[in-house]
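Residue-level listing of the chains:
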There are 2 protein chains.
Amino acid sequence: MKTKKILSQRVVLLIFVAASLVSCNRADKTTSSGEEVTTPSFDLTSAKKEIEAANQEFMGLLAKGDSVGLANSYTIDAAFMGGGAPAAEGREKIQSAMADIINSGVTKVDLRVKNVFGTEDLLAEEGELSIYVKDDVVDVGKYIVLWKKEDGKWKLFRDIFNSNLPAPAAK
Amino acid sequence: MKTKKILSQRVVLLIFVAASLVSCNRADKTTSSGEEVTTPSFDLTSAKKEIEAANQEFMGLLAKGDSVGLANSYTIDAAFMGGGAPAAEGREKIQSAMADIINSGVTKVDLRVKNVFGTEDLLAEEGELSIYVKDDVVDVGKYIVLWKKEDGKWKLFRDIFNSNLPAPAAK
């Protein structure tokens, strides 16, 4: 029965389409020879570039002294885990922490991505940073940032760092 | 046309089955009554308990002053990102960093998991810590640990923390 055969073919086609739509974390590619190749859809090399771009934006906002813009670089449920104080949780406290950094005289932060790990849902960045007051490097350190996408944009979800320099002698 | 209607229903059913088969990050279980139950394969609540157990083991090794055991709690490609020095990369340097901590007089570290995020492949832990010398708390702080499984066991892959206490006055 011809109708049945056509419908069966449609079943196969539709199953294939449905399978393609729901397959996650994987992109199916077809080579020129028609072979199907399955590769992870989340590319850490691209993700690293995206994080480098997000860091550029962050550094620009800091150089401008824009504490509101900096706070908006964090997710609404973010924690900024700077040293010398408990974590600042949420945008309001993070904005206040950013204003404190700006008001302390910091004019520039240089962020250098070393590695990224994880997935589209939660990306962990390992990096190194230098903190400047005018043209002088006043601190160098290392950090881990957990990034999440909010409205399709990478935002800082957890941000922790410490100094590589020996602590001043205790009181 | 009745045949067409039945086949259409089959299309819908088969799409649903296909979608179920290819959905990932999920484990399919069958109950004793034969019902199929779909549950997330990675359970963050269980993962949190596993990390708490791993932390208990870590705290035990530190209390015993076992720098070799502590170093073996880290993955072979781990980085210990303590403050006041660049990251210690690899087990040899991590063991040396652990020995330094023990030799500095630290007798106990209390690690308290706040949250875990991520997947079976890379778990991020957010926590709070207290550092003891004998019975005295000498520091309190916060940390992020990235955990990876090595030989089926959670091991520290990146470990960064800082103090909540104000830094001593600069030199």
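A short tour of the structure in this document, coming up. (Residues numbered from 1 in each chain as written. Chains lettered and ligands numbered in written order. Predicted model: local features only at pLDDT ≥ 70, side-chain atom pairs only at ≥ 80, totals over all residues. Heavy atoms only, no water.)

A word on the sheet that holds strand β8 (residues 153-163) of chain B
Residues and elements named next belong to chain B.
Moving on, step 1. The 6 strands lie next to each other as β4-β3-β8-β7-β6-β5, forming an open sheet whose pairing is mixed. Because the sheet does not close on itself, it has two edges, and the strands there are β4 (88-89) and β5 (108-118).
Moving on, step 2. Where strand β6 (residues 123-133) lies against strand β7 (residues 136-150), 11 bridges are found, and the strand directions are antiparallel. In the strand pairing of β7, Leu 129 is matched with Gly 141. (Pairing = 2+ DSSP bridges. Helix = DSSP H or I, 4+ residues; strand = E, 2+ residues; numbered from the N terminus.)

Examining the pattern of salt bridges
Moving on, step 1. In total, this model carries 14 salt bridges over all chains according to the counting rule given.
Moving on, step 2. Put simply, Arg 158 of chain A and Glu 126 of chain B hold a salt bridge, and the shortest N to O gap is 3.0 Å. One end of the pair, Arg 158 of chain A, is in strand β8 (residues 153-163); the other, Glu 126 of chain B, is in strand β6, on a second chain. Judged on exposure class, the residue Arg 158 of chain A and its partner Glu 126 of chain B are both buried.
Moving on, step 3. The partner of Lys 155 of chain B in a salt bridge is Glu 150 of chain B, and the shortest N-O contact between them spans 3.9 Å. For the residue pair Lys 155 of chain B and Glu 150 of chain B, the accessibility class agrees, reading buried in each case. (Salt bridge = Lys/Arg side-chain N within 4 Å of Asp/Glu carboxyl O. Buried < 20%, exposed > 50% of the residue type's maximum accessible area, 1.4 Å probe, protein only.)

Describing the environment of Gly 105 of chain B
All names here are of chain B.
Moving on, step 1. Residue placement: Gly 105 occurs in the loop between α4 (91-103) and β5.
Moving on, step 2. Residue classification places Gly 105 among the partly exposed positions, given a relative accessible area of 26%.
Moving on, step 3. When near neighbours in sequence (up to four residues on either side) are disregarded, Gly 105 contacts Tyr 132 and Val 133. (Contact = heavy atoms within 4.5 Å.)

Details of the nonpolar core
Moving on, step 1. Counting residues in each nonpolar core, the largest one holds 32 residues, and the members touching the most others are Tyr 74, Phe 80, Ile 94, Leu 123 and Trp 147 of chain A.
Moving on, step 2. At the level of secondary structure, the elements contributing two or more residues to this core comprise α2 (44-63), α3 (67-71), β3 (74-81), α4 (91-103), β5 (108-118), β6 (123-133), β7 (136-150) and β8 of chain A.
Moving on, step 3. Element by element, the count of residues in this core is highest for α2 of chain A, at 7 residues.
Moving on, step 4. Ignoring sequence-local partners within four residues, the contact set of Phe 80 of chain A consists of Tyr 74, Ala 87, Ala 88, Ile 94, Ala 97, Met 98, Ile 101, Asp 159 and Phe 161 of chain A.
Moving on, step 5. In this structure, Phe 80, Leu 111, Val 113 and Trp 147 of chain B belong to the second largest nonpolar core, which totals 31 residues. (Core = buried A, V, L, I, M, F, W, Y, C linked by side-chain atoms within 4.5 Å.)

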